[in-house]
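Listed below are the residues making up each chain.
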Amino acid sequence: MKNNDSVDTIDFSFFDTIAGYAADVDETSRSFTVITTDGRRFRVKTAAGCYAQIIRNLGEPYADCTGHIFNFLKNGQYLYVCGIYYPQAGAQVFEAQAMYFQDKQASSYRFEEPDWWIKQSASICDFFLRSQFQTRDPQKIEYSTYRTSIGLSGAQTGTVRQETDTISRMVYGMASAFLLTGEDVYLEAAERGTAYLRSHMRFYDLDENIVYWYHGIDQVPEGPDHKVFASEFGDDYFAIPMYEQIYALAGPTQTYRINGDQSILNDINMTMDLFERFFLDPEHLGYFSHIDPITLNPLSDELGSNKGRKNWNSVGDHAPAYLINLYLATGEQKHLDMLEYCADLICRYFPDYDSSPFVQERFYADWSHDKTWGWQQNRAIIGHNLKIAWNLMRIYSVVPKDEYVALARNIAEVMPKYGMDTQRSGWYDAMERELKAGEEQYRFAWHDRKAWWQQEQSILAYQILYGILGDEQYLKLARESAAFYNTFFLDHDDGSVYFNVLANGIPYLLGTERMKGSHSMSAYHSVELAYLSTVYINLLSTKQPLDLYFKPLENGFSGNVLRVCPDILPQGRVRITEVYVDNNPWKKFDADALTVSLPNLTYRPKIRVRLTPNH
């Protein structure tokens, strides 16, 4: 009779994925070893029906190499092996059913090709052009047809809601795709989207001389639009959340970098006045997360659990969403000062390493820790930790403070132990910040799925850490993170990228996570990743030139000077080597300052700038 107190072993079969580096390849026995990123070894036998492929970009055909597995499989090659564990002799054996190679050569990765991410950005934006406007004709793009919610295939779901942030995020993607490709349809989509935001979602407060942005509007058939002023998202209900105002600026700011439109800049400046006058805490420093929609008071009792609170978004999201791009476009000291201000606050208040390997993200007004707020409680978001490392390293290149590098390095070294899946690769979502009694491993808050935007944060964090500091371990982690994303997140059937995948890489297609457009998802993180990966890989890692495109309005940029630095990069690492105005060579540029003196024209020229790394 079985003892009810005994513990059963795993004596059943199950599917899973192993990520790692090939070793001890033996074609005779059709087996090999996979060494995971943390050094564990798994012996793998290829099943009779095992198939293999090389990763492919969006828009590329399937690249089969099933008949050449052991010609491709080399010691040291990074790959993914998907298969089945079978119980055998009191243990488990693993038989591979599918294999994913990163390239034909063991030491190369396809996503480091100079145009890999450029092509991916264009494909993602084409998906959204089809989904939202049913056209790629620049003159037929009409934002009245835009919908926040779109399904897996790109079909609109029937909801009439247009959220400000998701339009802005799509505008960001379109503007970034134009910067990389020079294709006018993307700029047209960005500029029309920005104009639509200004005419439909912007509120100019005449009394206060500030701008703030509606949560969204509902398109009403045969009637005026219904404007939704305060947020209707559950966590922010009947409040003006800082992050919505921040992300309302993301797309217009990236568009401003291209065209120098002063009306866009005026909106940005007046929205920043809103931040400084109503969200800023002059007593304890930092920015409150919410203000009352009627009184604009962050300490209003009407805010409930959001009264007098600060969080990651209200302090940390300025830099990546709009502020770095605004500084790149204008060069203004006040924007650099704000970047430094926010970075200093993050270094001062967010680390909590005496009690947790994860940063703290929620605060009361005096920066004491809020561990009971809403869904977050005492939980960590892996992507926010990595986002801090990424953005501190960006700011470090213009504000070289040792504490920025110290915190970024600490996050980069701690996160793989707690937030990375060292068995299958990829990065987790939300985790409990502290261990409970008897626990040895930090618990997932709800699940072990992996979201597309958190993969972005890891890839960009380790890419820029390697690009600036040169540590080979950062390159290894950047490659592994990008490999997981490009292997499992690209939707080769319907286009764009999946919201979530299971831990083993299989897409998770239930509920809102089945969708390609939602309150959380538009063409922002995916194209931001494509844009900045192109910048970091080409200019800092593989040392390849990069062309960027601009189309300034007449008398757009101040002083008729176009600033073309693609991101905040270490000074002296990149220079301009060529400039073309409407395909004609142009010599009036400062190669090291990364500026172009614009010609006096009565029309909008297209300007192509070649940036080349200083080897």
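It should be noted that the structure appears before, not after, this text.
What counts, and where the lines are drawn
- Residues numbered from 1 in each chain as written.
- Predicted model: local features only at pLDDT ≥ 70, side-chain atom pairs only at ≥ 80, totals over all residues.
- Heavy atoms only, no water.
- Helix = DSSP H or I, 4+ residues; strand = E, 2+ residues; numbered from the N terminus.
- Rg over C-alpha atoms; globule rule 2.2 N^0.38 Å.
- Buried < 20%, exposed > 50% of the residue type's maximum accessible area, 1.4 Å probe, protein only.
- Contact = heavy atoms within 4.5 Å.
- Areas by Shrake-Rupley, 256 points an atom, 1.4 Å probe, with all protein chains shown as cover.
- Lys, Arg positive; Asp, Glu negative; His and termini not counted.
- Charge placed at Lys NZ, Arg CZ, Asp CG, Glu CD.
- Pairing = 2+ DSSP bridges.
- Axes fitted to C-alpha atoms, helices over the stretch in contact; angles between N-to-C directions.
- Polar contact = N/O pair within 3.5 Å; in protein donor to acceptor, adjacent residues only side chain to side chain.
- Phe/Tyr/Trp six-rings, centres within 6.5 Å; stacked < 30°, edge-to-face > 60°.
- Lys NZ or Arg CZ within 6 Å of the ring centre and 35° of its normal.
- Patch = residues over 30% accessible without salt bridge, like charges linked within 9 Å, V, L, I, M, F, W, Y side chains within 5 Å.
- Salt bridge = Lys/Arg side-chain N within 4 Å of Asp/Glu carboxyl O.
- Expected span 1.5 Å × (residues − 1).
- Core = buried A, V, L, I, M, F, W, Y, C linked by side-chain atoms within 4.5 Å.
- Left-handed = near helix turned anticlockwise from the far one by under 90°.
- Nonpolar A, V, L, I, M, F, W, Y, C, P; charged D, E, K, R; others polar.

**A closer look at the overall build of the protein**
Of regular secondary structure, the protein possesses 15 helices and 25 strands. Relative to the globule expectation of 25 Å for 615 residues, the C-alpha radius of gyration of the protein, 25 Å, shows essentially globular dimensions. With respect to the three principal axes, the spread of C-alpha positions in the protein is 80 × 60 × 55 Å. Per-residue burial for the protein yields a buried fraction of 61% across its 615 residues. Considering only contacts in the protein between residues 6 or more positions apart, those separated by 24 or more positions represent 67%. Only carbon and sulfur atoms are counted for the fraction: they give 48% of the accessible area of the protein, which is about 23,700 Å². With 57 positive and 79 negative side-chain charges, the protein shows a separation of 5 Å between the mean positions of the two kinds.

**What to know about the sheet that holds strand E25 (residues 607-613)**
With respect to topology, four strands assemble into an open sheet ordered E19-E25-E21-E22, the strand pairing being antiparallel. Since the sheet does not close on itself, it has two edges, and those belong to strand E19 (546-550) and strand E22 (584-585), each with one partner. In the sheet, strand E21 (residues 574-581) pairs with E22 via two bridges, with the strands oriented antiparallel. Bridging across to E22, valine 581 finds its partner in asparagine 584. Strand contacts of helix H15 (residues 525-541): E19, E21 and E25, with the helix running at about 140 degrees to E19, the strand carrying the most contacts.

**Let's talk about the side chain of serine 31**
Tracing the sequence through the fold places serine 31 in strand E2 (residues 31-35). For serine 31, the side chain forms a polar contact with the side chain of arginine 43, separated by 2.8 Å. Beyond its immediate stretch of four places on either side in the chain, serine 31 contacts Asp24, Val25, Asp26, Arg43, Val44, Lys45 and Phe70.

**Quick word on the sheet that holds strand E6 (residues 161-163)**
The strand order across the open sheet built from three strands is E6-E9-E10, with neighbouring strands paired in antiparallel fashion. The strands lining the two open edges of the sheet, one partner per strand, are E6 and strand E10 (226-228). Recorded for the sheet is a direction-independent mean angle of 20 degrees between the axes of neighbouring strands. With three bridges joining them, strand E9 (residues 216-218) and E10 adopt antiparallel strand pairing. Bridge pairing in E10 links aspartate 218 to histidine 226.

**Points about the environment of tyrosine 508**
Inspection of the secondary structure puts tyrosine 508 in the loop between strand E18 (500-501) and H15. Taking the C-alpha atoms as reference, tyrosine 508 lies 27 Å from valine 93; in sequence the two are 415 residues apart. Here tyrosine 508 is in contact with Arg449, Asn500, Val501, Leu502 and Glu513, once residues within four sequence places are set aside.

**A short note on the packing of aromatic side chains**
Counted under the stated rule, the structure contains 43 aromatic pairs. Ring centres 5.4 Å apart and planes at 80 degrees place the aromatic pair tyrosine 78 and tyrosine 80 in the edge-to-face group. With respect to burial, tyrosine 78 and tyrosine 80 carry one shared label: buried. Grouping aromatic residues by their ring pairs yields a cluster made of Tyr21, Tyr78, Tyr80, Tyr100, Trp117, Phe484, Tyr485, Phe488 and Phe489. The ring of tyrosine 247 is capped by arginine 169, whose NZ or CZ atom sits 4.4 Å from the centre of that ring. Seen from the ring of phenylalanine 288, lysine 310 lies directly overhead, with NZ or CZ sitting 5.2 Å from the centre.

**Things to note about a nonpolar patch on the surface**
There is a patch of nonpolar side chains on the surface, built from Tyr237, Phe238 and Ile294 and spanning about 390 Å² of accessible area. Within the element layout of this structure, tyrosine 237 appears in the loop between E10 and strand E11 (240-241). Overall, the relative accessible area of 58% leaves tyrosine 237 in the exposed class.

**As for the pairing of strand E1 (residues 14-26)**
Pairing geometry for E1 and strand E4 (residues 78-88), over eight bridges, is antiparallel. When the sheet's bridge partners are listed, phenylalanine 14 is paired in E4 with tyrosine 85. Sheet topology note: the E1/E2 ladder contains four bridges and is antiparallel. Paired with alanine 23 across the bridge in E2 is threonine 33. With antiparallel pairing between neighbouring strands as the criterion, E1 and E2 make up a hairpin whose turn holds four residues, including arginine 30 at a positive phi of roughly 50 degrees.

**Quick word on the pattern of salt bridges**
A full pass over the atoms with the stated rule returns 39 salt bridges. Linking aspartate 115 and lysine 119 is a salt bridge whose minimum nitrogen-to-oxygen distance equals 3.3 Å. Relative accessible area serves as the criterion here: at 46%, lysine 119 is assigned to the partly exposed category. In this structure, glutamate 340 engages lysine 401 in a salt bridge whose closest nitrogen and oxygen atoms are separated by 2.8 Å. Note that glutamate 340 is positioned in helix H10 (residues 333-349) and lysine 401 in the loop between helix H11 (382-396) and helix H12 (402-418), a separation of 61 residues in sequence.

**Side note on helix H3 (residues 164-181)**
The terminal C-alpha atoms of H3 lie 26 Å apart, and with 18 residues this matches the ideal 26 Å at 1.5 Å per residue to within 8%. Most of H3 is tucked away: 18 of the 18 residues are buried. Backbone geometry just after H3 places glycine 182 at a positive phi near 75 degrees.

**Topic: unusual backbone geometry**
Phi is mostly negative for residues that are not glycine, and the peptide bonds are mostly trans. Phi is positive for glutamine 377, close to 50 degrees, though the residue is something other than glycine. Along the chain, glutamine 377 turns up in the loop between strand E14 (362-364) and strand E15 (379-381). Of the residues examined, glutamine 377 reaches a relative accessible area of 31% and is grouped as partly exposed. Positioned with a positive phi, asparagine 583 is a non-glycine residue whose angle comes to about 70 degrees. Within the fold, asparagine 583 resides in the loop between E21 and E22. Overall, asparagine 583 belongs to the exposed group, its relative accessible area being 69%.

**Some thoughts on the nonpolar core**
Here is a general trend for soluble globular proteins: nonpolar side chains tend to be buried in one another's company. Among the nonpolar cores identified, the biggest contains 181 residues, and Tyr143, Phe275 and Tyr462 are the most heavily contacted of them. Setting aside residues up to four positions removed in sequence, tyrosine 462 forms contacts with Leu386, Ile411, Ala412, Met415, Pro416, Trp427, Tyr474, Leu477 and Ala478. If you look at the next biggest cluster of nonpolar residues, it comprises 21 residues, including Phe32, Val44, Ala52 and Ile54.

**What about the environment of lysine 587?**
Position of lysine 587 relative to the elements: it lies in the loop between E22 and strand E23 (589-590). For the pair formed by lysine 587 and serine 597, sequence separation is 10 residues and the distance between their alpha carbons is 8.9 Å.

**Comments concerning the packing of H11 against H12**
Taken N-terminus to C-terminus, the directions of H11 and H12 make an angle of 145 degrees; their axes are 9 Å apart at the nearest point. Judged by the twist between their axes, the crossing of H11 over H12 is left-handed. Across the interface between the two elements, Ile382, Asn385, Leu386, Ile388, Ala389, Leu392, Met393, Ile395 and Tyr396 of H11 pack against Tyr404, Val405, Leu407, Ala408, Ile411 and Met415 of H12. Partitioning the contact of H11 with H12 into residue classes produces 14 nonpolar, one polar and no charged.

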